[in-house]
Amino acid sequence: MKLLRKTKNLKCSEFDIARLLKSKKAMTEYLNQVIADGDDAELAAALGHIARAKGMVEVAQSSGLSREALYKALKPNTKPRFDTVSKVIQALGMRITVHA
C-alpha cells in the first residue's frame, strides 16, 4: 500500500510569454507563428506580449501612441485598427511582408 505524503502548497506564478521573448529573433518567430496560425484574435495579444517584452513605454514613444492606448488596443480578443498594428510593428523594429 502506498503512503501519500502531505506536501506544502506550492505557489506557481502565472505563465507570461513576454518573459521568454528576450531576443528579436524570438519575437519575430513568435509573431510569424501567430500570423501563420491565422487566429486574428491572437494577433493583438501577441503584439501586446512582444511590446511588453520590449518595454511598453519605449514602444509607446516610438509609435506615437500613449501607453494606455497600447494596452487597450493590444489586449487579448481585441481588433485594433490596421494603422495601430502598423505603428506597433514599426516601433518594434519589424516590417510586414507578403509572400506568394
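As recorded in an unreviewed UniProt entry, the protein goes by Addiction module antidote protein and comes from Polynucleobacter sp. UK-FUSCHL-C3.

A.B. asks: For this particular structure, what's the right way to read helix α3 (residues 56-63)?
C.D. replies: Residues spaced three or four apart along an α-helix face the same direction, because each turn holds 3.6 residues. Those residues of α3 lying buried are Met56, Val59, Ala60 and Ser63. Projected down its long axis, α3 carries its buried residues within an arc of 100°, all on one side. Those residues of α3 that are buried lie in contact with α2 (40-54), α4 (67-73) and α5 (82-91). Directly after α3, the chain includes glycine 64, whose backbone phi takes a positive value near 80°.

A.B. asks: What am I meant to see in the packing of α2 against α3 here?
C.D. replies: Packed helices, taken two at a time, are described by the angle between their axes plus the distance between the axes. The interhelical angle for the contact between α2 and α3, taken along N-to-C directions, is 105°, at an axis separation of 6 Å. Comparing the axis directions of α2 and α3 gives the class roughly perpendicular. Within the contact between the two elements, α2 uses Gly48, Ala51, Arg52 and Lys54 and α3 uses Met56, Glu58 and Val59. Residue classes in the contact of α2 with α3 are distributed as three nonpolar, one polar and three charged.

A.B. asks: I tried to follow the nonpolar core on my own but got confused; where do I start?
C.D. replies: Nonpolar side chains in soluble globular proteins tend to be buried together. Counting residues in hydrophobic clusters, the biggest one holds 22 residues, and the most contacted among them are Leu47, Ile50, Leu70 and Val88. Looking at this core, the elements with two or more residues in it are α1 (24-37), α2, α3, α4 and α5.

A.B. asks: Is there a simple way to think about a negative patch on the surface in this case?
C.D. replies: Negative charge collects at one region of the surface, where Asp37, Asp39, Asp40 and Glu42 lie side by side. Along the chain, aspartate 40 falls in helix α2.

A.B. asks: Hey, could you run me through the side chain of threonine 84 in this one?
C.D. replies: Examined against the element boundaries, threonine 84 turns out to sit in helix α5. Not counting chain neighbours up to four residues away, the residues in contact with threonine 84 comprise Leu65 and Ala73.

A.B. asks: Hey, could you run me through the environment of lysine 54 in this one?
C.D. replies: Relative to the helices and strands, lysine 54 resides in helix α2. Classification of lysine 54 as partly exposed rests on a relative accessible area of 29%. Separated by 31 residues in the primary sequence, lysine 54 and serine 23 place their C-alpha atoms 9.1 Å from one another. Once residues lying within four places of it in the same chain are set aside, the contact partners of lysine 54 are Met27, Val59, Ala91 and Leu92. Of note is the side chain of lysine 54, whose polar atom sits 3.4 Å from the backbone oxygen of leucine 92.

A.B. asks: What's the story with α1 in this structure? I'm lost.
C.D. replies: The terminal C-alpha atoms of α1 lie 20 Å apart, and with 14 residues this matches the ideal 20 Å at 1.5 Å per residue to within 8%. Those residues of α1 lying buried are Met27, Tyr30, Leu31 and Val34. Projection of α1 onto a plane perpendicular to its axis shows the buried side chains occupying an angular sector of 95°, all on one side. Exposed residues on α1 whose side chains face more than 90 degrees from its buried face are Lys25 and Ala36. Immediately beyond the C-terminal end of α1, within one or two residues, lies glycine 38, with a positive phi of roughly 75°.

Here is what the cut-offs are and how they apply
- Residues numbered from 1 in each chain as written.
- Predicted model: local features only at pLDDT ≥ 70, side-chain atom pairs only at ≥ 80, totals over all residues.
- Heavy atoms only, no water.
- Buried < 20%, exposed > 50% of the residue type's maximum accessible area, 1.4 Å probe, protein only.
- Helix = DSSP H or I, 4+ residues; strand = E, 2+ residues; numbered from the N terminus.
- Arc of directions from axis to C-beta.
- Contact = heavy atoms within 4.5 Å.
- Axes fitted to C-alpha atoms, helices over the stretch in contact; angles between N-to-C directions.
- Parallel < 35°, antiparallel > 145°, perpendicular 65-115°, else oblique.
- Nonpolar A, V, L, I, M, F, W, Y, C, P; charged D, E, K, R; others polar.
- Core = buried A, V, L, I, M, F, W, Y, C linked by side-chain atoms within 4.5 Å.
- Patch = residues over 30% accessible without salt bridge, like charges linked within 9 Å, V, L, I, M, F, W, Y side chains within 5 Å.
- Areas by Shrake-Rupley, 256 points an atom, 1.4 Å probe, with all protein chains shown as cover.
- Salt bridge = Lys/Arg side-chain N within 4 Å of Asp/Glu carboxyl O.
- Lys, Arg positive; Asp, Glu negative; His and termini not counted.
- Charge placed at Lys NZ, Arg CZ, Asp CG, Glu CD.
- Polar contact = N/O pair within 3.5 Å; in protein donor to acceptor, adjacent residues only side chain to side chain.
- Expected span 1.5 Å × (residues − 1).

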